[in-house]
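Structure at a glance
In case you want the letters, here they are:
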Amino acid sequence: MNLQDLFKCLEDISNLGSPGWTTLEATARVLKKVRQLLTINKEESTLEALPEENDNTYTTKQRVQTVYSQLLSIVHSNSTEHNERLECGCIAVAILHEVLYQIQITESSQPPPLPPPPDEKHGARHLPQASPGLLSLRQIKVVEKCVRMVVYTLIVGSVGGEALLYLKTSLARAKFVLGTDLLSIPSPSAGPLLTTVVRFIIPIMKHENLGAGVRSSLFPELLTVLLELCFSPEAVKSQPENTAFFREQLEVIMRTMDSATILRHFLFLLGFVSAGSWLGRACGALVVRRFLTQHGGVAAVVGAGLAVCDGQDWRRCEAVASIIAYARTRDLQQYYAAIGPQVCELLQGDSLRGDAIRVMVLTVTQLATRSQQLTATHIIGPLLHILIQTTLPDSVNVCQGTSVTASLTRMYRVFVEIPPPNPALTSLLRPVLCPLVKIAALPTTHLRTTARHIIIRYLSQLSREEAVDALFIMSSLNVSPESSPVNPDIVFTVDDAGGVRVEKQISSQRNQVMEENENLSKCLISILELLKNSSVVIMFYKQLTEHIDFTVFNKKSESCNLLLTGDDIMADKFDKMLRIVLSCSLLENLSESEAVTSDLFLNLSAAVPIVSALIRTGCQTCEEEQLQGIQVSLIVNVLMLVSCYVSDRTLKKKMSSEDWMGMKELLPVLEEVRGSASDEAVLLFAEQLKNLVLTHGALNTCPTAVSQTKISKGFSASEHKMQNQFTEENSDCQSIPDVKPDAVEQVQKDIISKTHKEVKTNITSNINTIKTKLPSETEPNVDDMTTSQASVGEEPTTTRDDSMKNEENYQKAMEDLFSPLLPVRGHALLALGKLLERRDKKTLTHRVQLLSIFQHSLNEEDSYLYLLAVEGLAVLCDVFPDKVVETLTAEFSVGNRSCEDRAKLAEVLVRATRRLGPLLPQYRDTFINALLNGMRADEGIVRAASLSALGDVCKLLRFSIGPVIHEIFCVLYDAVRNDEAPEVRRAAVLVVTLLLQGLGQDALAVLRDVMRDLYRVLRLVHTTDPDPVVRLHAQLAMEEVDAATRRFLLPRLALTKHIYVTEMPRTDL
């Protein structure tokens, strides 16, 4: 019997299970037909053993009969039950074994292929000789169907446990039906029959041609059966020799078959079976040993897992990640060391897309949950390697010029974008907190938002105490060995693409410490806003007050360490001062954030102790001159913040009686301010807050006199005397703050019973009555500005009405000055400036307080408030030039201010000189000395602003500039020739142009000593300067020189005739 006859029998068997061939009767008919074709029966005698591979002494019938009878004997020895499906499966196995036998005999007897004929041309293509075992597609399909019938009958009837559950699922999916129920093999016969059948099927599956269809469609089922025979507890105990054989066959199949197919089936079984079962443990061990610990195994597992499940399902992605993260292994450290580099390579590369990235990030999260230390060592450490290097002592040589853009993007993806919040993962960010906050504080990079979100995710997973500690570490106020600070020799800069790279810090960047601290404080405030945790905000600012000590420089400590040099002492002093400045900057920026302010004052019982501590800190005795301005700014900001908040809550009727009782705890502290503070703005705000608290918000205006002893320091003896008289007569108006404690409630009831308009009217009328009693000598400096009045009764009605209206405007402006709304505060500054411009008496009596208010408003970032403050100072300069000019020039030349503030002050000086007009020569030296001192600044913007202001001063001075012309010319010459900043050179040439325009035709007379050198410098700049704007300014200046020279050499002829009638003509005419 040849192969064709055998395939004919297999073709009849392959129809079983398909539509129309699902009954036992159809099975019986097929079985009868095959027996007739093969002329065999189950009672016929068989061979004692199977023939050898090359033994041709037995016929096909004998070999088929032998296998058939051997399989039936395994079952019939334990049961006499007759089953057509069992016999049909056995005869199919026997025929398949015979087909394989004949194909192998044919292949072994085929001679090797002959070489090509020698007479053919070189390079001619030859068709390969057909293999003797080559089968048609129909024959391959017939073999596949027959093996499927065997699997769904004999193997399904013999296998048990979890493997049977999978085979039943596969049978239902294939829609294979043969009979009304599944074939069941008795227990004693099931194991031997399964072992024997699989031994016959494995060679068929491994054959290149015969098993092609089996491998493509039935490989998962056969692999599951192999796992049953290799690792099930029953097989291992009862048949250890068979277990060893099948494990060897499994290794061969895993080496030869497609690894992706094997891996997908293993992952499917891991998700299919119950947790802790032997099949799940076996599949997990094989995945770890054969794939995960090998190079590229993690990527293969991720790809296979996504192929098995829908990547859009988050839970299935987590399941794939769990397979990698929670794989069973004996040596966990070795396992992390094997998969760690693979995970880092995949996260750092660009090969992963979409769902694969999600699976990898979730894998990292679960690995961190399983072991934080090993994850930090093998995965997170390499991912954060660049940022960690910036904290090392030799980071300048290691990471100079390195870009951190890609690293920061990966960090955002791993810690924020994809995974759910996980404390085990986010805690691994602690070593790079300081580099992260440095990047988050950069003003001009798109990565600052990314860095801030990473920090926020880290803080959100910590407890309140841990979050506050991390904030202090990031602000450099605390030091932790787990979070090293960034190396001071490097700096993060923005590249051309908006990313961030590491560069070596140059000397000019070391002078930008104040600007960096300001950016850092704003960054931390922004982080607190986004964190939205009021308990963290309260605790942070409570501990922040402990870091501010203005008395640290009062006592000169003598160190016993003789090795300290002067540079070491100065460095220590600078570090202490820097800590104070940073702490105050954090408090100052607090008032600019409505969200953080709301969190801080959400519970007044917790906020009042913080405010009290801050006010007491601001009242400390500070002997360091450079810190006194910071101390004043601190206490003013705190008082203004509390006043604005309480006023706003009062207007919205959100202040309860308990809140007012808590606010009264500030009264003793405010009394300390009155006794210790010397700044007018501090006294002003303290008195206003005291009135606000005592009257429960009914009276929130400022008193007429704040502190007599403090105000009188700025006045002469006569002014002091008149101020005492003014205070005594105005005692009725100021009785509210001095009410005895036992009478506070009654006073509050009396005041609250009136409307706000009535209270304001009464106060205004009292002040008017007192002011009419004051003699005109009260303000000797404004005698020429006001009209003397004999008495109140002689004053016209219109003048009295205007005066009352101005006083009401002043009171309203002072109320609006403490509003939490920015436009309202701006309108208050505008109203005060207009009152000063109209020479209002009420407003002029508070000129010192208004000067402090305008100076404080210069720190406002909003341009609207800033310009109004500038205009107010300019108006004050016009009213009281002596005191205001001295204050402004001192602030500009020696004040401890940033470059932005000094540029603003330069604009104030320009406005002041324009307001002074003809009075400017009297203050010539004061202005010029301050502006020339500004030329020593390191910042180009300050030098340019100084030169711009100097040009306006020179233009207005005209002939009065003569004595200092040489000094000014030397400064301009040095700036034009040697300054590297183009803005400074532009401003210097602009000064020359403005000077020539101001002198006009008198330029040659005033500048006769320097005109030649001046013209030479202008010609040189016009020819050689690289900046086109500088060359344009030089050309305009030379045109002014040419015009002045032409007017001098070619004067216009005036065709006039003089007629003298009463006077004698001049003798020189």
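First things first, this report covers the structure right here in the doc. (Residues numbered from 1 in each chain as written. Predicted model: local features only at pLDDT ≥ 70, side-chain atom pairs only at ≥ 80, totals over all residues. Heavy atoms only, no water.)

**Comments concerning the overall build of the protein**
The secondary structure content of the protein amounts to 52 helices and two strands. Here the protein holds 1069 residues, and 51% of them are scored as buried. Considering only intrachain contacts with a sequence separation of at least 6, the fraction spanning at least 24 residues in the protein is 73%. If you sum the accessible surface of the protein, you get close to 52,000 Å²; carbon and sulfur atoms cover 52% of it. (Helix = DSSP H or I, 4+ residues; strand = E, 2+ residues; numbered from the N terminus. Buried < 20%, exposed > 50% of the residue type's maximum accessible area, 1.4 Å probe, protein only. Contact = heavy atoms within 4.5 Å. Areas by Shrake-Rupley, 256 points an atom, 1.4 Å probe, with all protein chains shown as cover.)

**Focus on unusual backbone geometry**
In terms of backbone geometry, most residues other than glycine have negative phi values and most peptide bonds are trans. One non-glycine residue, S476, adopts positive backbone phi at about 70°. Counting through the fold element by element, S476 comes out in the loop between α25 (464–474) and β1 (490–494). Take S476: its relative accessible area is 42%, and that puts it in the partly exposed class.

**Re helix α47 (residues 940–957)**
Its 18 residues place the ends of α47 26 Å apart at the C-alpha level, agreeing with the 26 Å of an ideal helix rising 1.5 Å per residue. A large share of α47 lies buried, amounting to 13 of its 18 residues. (Expected span 1.5 Å × (residues − 1).)

**Section: the nonpolar core**
Formed by 328 residues in total, the largest nonpolar core has its most connected members in I95 and Y541. Among the elements that line this core, the one with the most residues is helix α31 (residues 625–651), at 13 residues. When residues no more than four places from it in sequence are discounted, the contact partners of I95 are L6, C9, L10, I13, V34, L38 and V64. (Core = buried A, V, L, I, M, F, W, Y, C linked by side-chain atoms within 4.5 Å.)

**Concerning the packing of helix α48 (residues 965–978) against helix α51 (residues 1011–1024)**
Put simply, α48 and α51 touch, their axes get as near as 11 Å, and they point 15° apart. It follows that α48 is roughly parallel to α51 by the angle criterion. As α48 packs across α51, the resulting crossing turns out to be left-handed. Residue-level contacts link F969, Y973, V976 and R977 of α48 to D1013, L1014, V1017, L1020 and V1021 of α51. (Axes fitted to C-alpha atoms, helices over the stretch in contact; angles between N-to-C directions. Parallel < 35°, antiparallel > 145°, perpendicular 65-115°, else oblique. Left-handed = near helix turned anticlockwise from the far one by under 90°.)

**Some details on the packing of aromatic side chains**
If you walk through the whole model with that rule in mind, you get eight aromatic pairs. For the ring pair Y166 and F272, a centre distance of 6.0 Å and an interplane angle of 85° mean the geometry is edge-to-face. Here Y166, found in helix α6 (residues 161–174), pairs with F272, found in helix α12 (residues 259–272); they are 106 residues apart in sequence, far enough to count as distant. Classification of Y166 by relative accessible area gives buried; the value is 4%. Note on F472 and F540: the rings are 5.0 Å apart at their centroids and 40° apart in plane angle, and the pair reads as tilted. You can see F472 sitting in helix α25 and its partner F540 sitting in helix α27 (residues 534–544), a full 68 residues away along the chain. In this structure, F472 and F540 share a single accessibility class: buried. Counting every residue linked through ring pairs, the aromatic cluster contains Y166, F268 and F272. Over the aromatic face of F245 sits the side chain of R199, whose NZ or CZ is 4.1 Å from the ring centroid. Positioned over the ring face of F246 is R199, at 5.7 Å from the centre of the ring. (Phe/Tyr/Trp six-rings, centres within 6.5 Å; stacked < 30°, edge-to-face > 60°. Lys NZ or Arg CZ within 6 Å of the ring centre and 35° of its normal.)

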